[in-house]
Amino acid sequence: MQSAYDEIIETYDKETMEEIANHGCASGVCFKHIYYGDTVRFYDKYEEEILDYFTDNYDTDFLVTLFKQSEAILDYYKNYVTWAYIEAISFDVISMDELTNYRVNADGTKTDLSPDDTEMYHTEQGELVYN
């Protein structure tokens, strides 16, 4: 069964995630999660995973704030939480990519992007050094 994280990673490429992280979902850049029908469906499908993410990484006050901002209208709340989740995952992925030399695959595993040491060059602290 696909996770919410997997769906976001498979739906949006790095450039789109950078746009989401910088400008938010409300800008329209998250093309698969623009309309309430899309965001509510995503929330309903992955509710437990999404809520676990926020309670593990933030606190329940964040979710309460979103509920208040939605004026207790459930579809608005689900939309806000879905967008917050997509923005948080995009930010996490972009931040991780900028700080490391690996890519996070859809299954959560990491692929090393550093070139292997060879006779022609080697790496020192992430820098390519020719022999």
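Here's the deal with the packing of aromatic side chains
Link 1 in the chain: Applying the stated rule across the entire model yields 13 aromatic pairs.
Link 2 in the chain: With a centroid separation of 6.2 Å and an interplanar angle of 40°, the aromatic rings of Phe42 and Tyr85 are classed as tilted. With Phe42 in helix α3 (residues 36-57) and Tyr85 in helix α5 (residues 74-99), the pair connects residues that are 43 residues apart, well separated along the chain. Per residue, the accessibility class of Phe42 equals that of Tyr85, and both read buried.
Link 3 in the chain: When the centroid spacing of 5.6 Å and the interplanar angle of 25° are considered together, the rings of Tyr58 and Phe62 count as stacked.

A word on the packing of α3 against helix α4 (residues 60-69)
Each packed pair of helices is defined by two parameters, the angle between the axes and the distance between the axes.
Link 1 in the chain: Relative orientation of the contacting elements α3 and α4 amounts to 125°, with a least axis distance of 7 Å. Here α3 lies oblique to α4, going by the angle between them. Here α3 contributes Leu51, Phe54 and Thr55 to the contact with α4, which in turn contributes Thr60, Phe62 and Leu63.
Link 2 in the chain: Residue classes in the contact of α3 with α4 are distributed as four nonpolar, two polar and no charged.

Points about the side chain of Thr39
Link 1 in the chain: Mapping Thr39 onto the fold places it in helix α3.
Link 2 in the chain: Of the polar contacts made by the side chain of Thr39, one reaches the backbone oxygen of Tyr36; its length is 3.3 Å.
Link 3 in the chain: The residues contacting Thr39, other than those within four sequence positions of it, are His33, Lys78, Asn79, Thr82 and Trp83.

Quick word on a nonpolar patch on the surface
Link 1 in the chain: A surface patch of nonpolar side chains, about 350 Å² in accessible area, is lined by Tyr36, Ile73, Tyr76 and Tyr80.
Link 2 in the chain: Its place among the elements puts Tyr80 in helix α5.

Comments concerning helix α1 (residues 4-11)
One turn of an α-helix holds 3.6 residues; hence residues three or four places apart share an orientation.
Link 1 in the chain: Within α1, six of the eight residues are buried, which leaves the element mostly enclosed by the surrounding structure.
Link 2 in the chain: Residues Ala4, Tyr5, Asp6, Glu7, Ile8 and Ile9 constitute the buried set of α1.

Looking at the environment of Ser3
Link 1 in the chain: Its place among the elements puts Ser3 in the segment before α1.
Link 2 in the chain: Not counting residues up to four positions away in its chain, the partners in contact with Ser3 are Tyr46 and Glu49.
Link 3 in the chain: Here the side chain of Ser3 touches Asp6 through a polar contact of 3.0 Å, landing on its backbone nitrogen.

Comments concerning the nonpolar core
Link 1 in the chain: In terms of nonpolar packing, the biggest core is built from 27 residues, with Ile8, Met17, Ile50, Phe54, Val81, Tyr85 and Ile89 touching the most fellow members.
Link 2 in the chain: Where this core is concerned, the elements lending two or more residues are α1, α2 (14-23), α3, α4 and α5.
Link 3 in the chain: Here the element with the most residues in this core is α5; it accounts for 10 residues.
Link 4 in the chain: Excluding residues within four positions of it along the chain, Met17 makes contact with Ile8, Ile9, Tyr12, Ile89, Ser90, Val93 and Ile94.

Notes on the confidence of the model for the protein
Link 1 in the chain: Summarising the model, the protein shows a mean pLDDT of 82, and 73% of its residues fall at 70 or more.
Link 2 in the chain: Of all secondary-structure elements in the protein, the lowest mean pLDDT belongs to strand β4 (residues 127-130), at 44, while α3 reaches the highest, 96.
Link 3 in the chain: Every residue in residues 114-123 is under pLDDT 50, and counting partners more than four places away or in other chains gives 19 contacts.
Link 4 in the chain: In the predicted structure, residues 126-131 sits below a pLDDT of 50 and forms 15 contacts with residues beyond four places in sequence or in another chain.

Calculation notes
Residues numbered from 1 in each chain as written. Predicted model: local features only at pLDDT ≥ 70, side-chain atom pairs only at ≥ 80, totals over all residues. Heavy atoms only, no water. Phe/Tyr/Trp six-rings, centres within 6.5 Å; stacked < 30°, edge-to-face > 60°. Helix = DSSP H or I, 4+ residues; strand = E, 2+ residues; numbered from the N terminus. Buried < 20%, exposed > 50% of the residue type's maximum accessible area, 1.4 Å probe, protein only. Axes fitted to C-alpha atoms, helices over the stretch in contact; angles between N-to-C directions. Parallel < 35°, antiparallel > 145°, perpendicular 65-115°, else oblique. Contact = heavy atoms within 4.5 Å. Nonpolar A, V, L, I, M, F, W, Y, C, P; charged D, E, K, R; others polar. Polar contact = N/O pair within 3.5 Å; in protein donor to acceptor, adjacent residues only side chain to side chain. Patch = residues over 30% accessible without salt bridge, like charges linked within 9 Å, V, L, I, M, F, W, Y side chains within 5 Å. Areas by Shrake-Rupley, 256 points an atom, 1.4 Å probe, with all protein chains shown as cover. Salt bridge = Lys/Arg side-chain N within 4 Å of Asp/Glu carboxyl O. Core = buried A, V, L, I, M, F, W, Y, C linked by side-chain atoms within 4.5 Å. pLDDT = per-residue confidence, 0-100.

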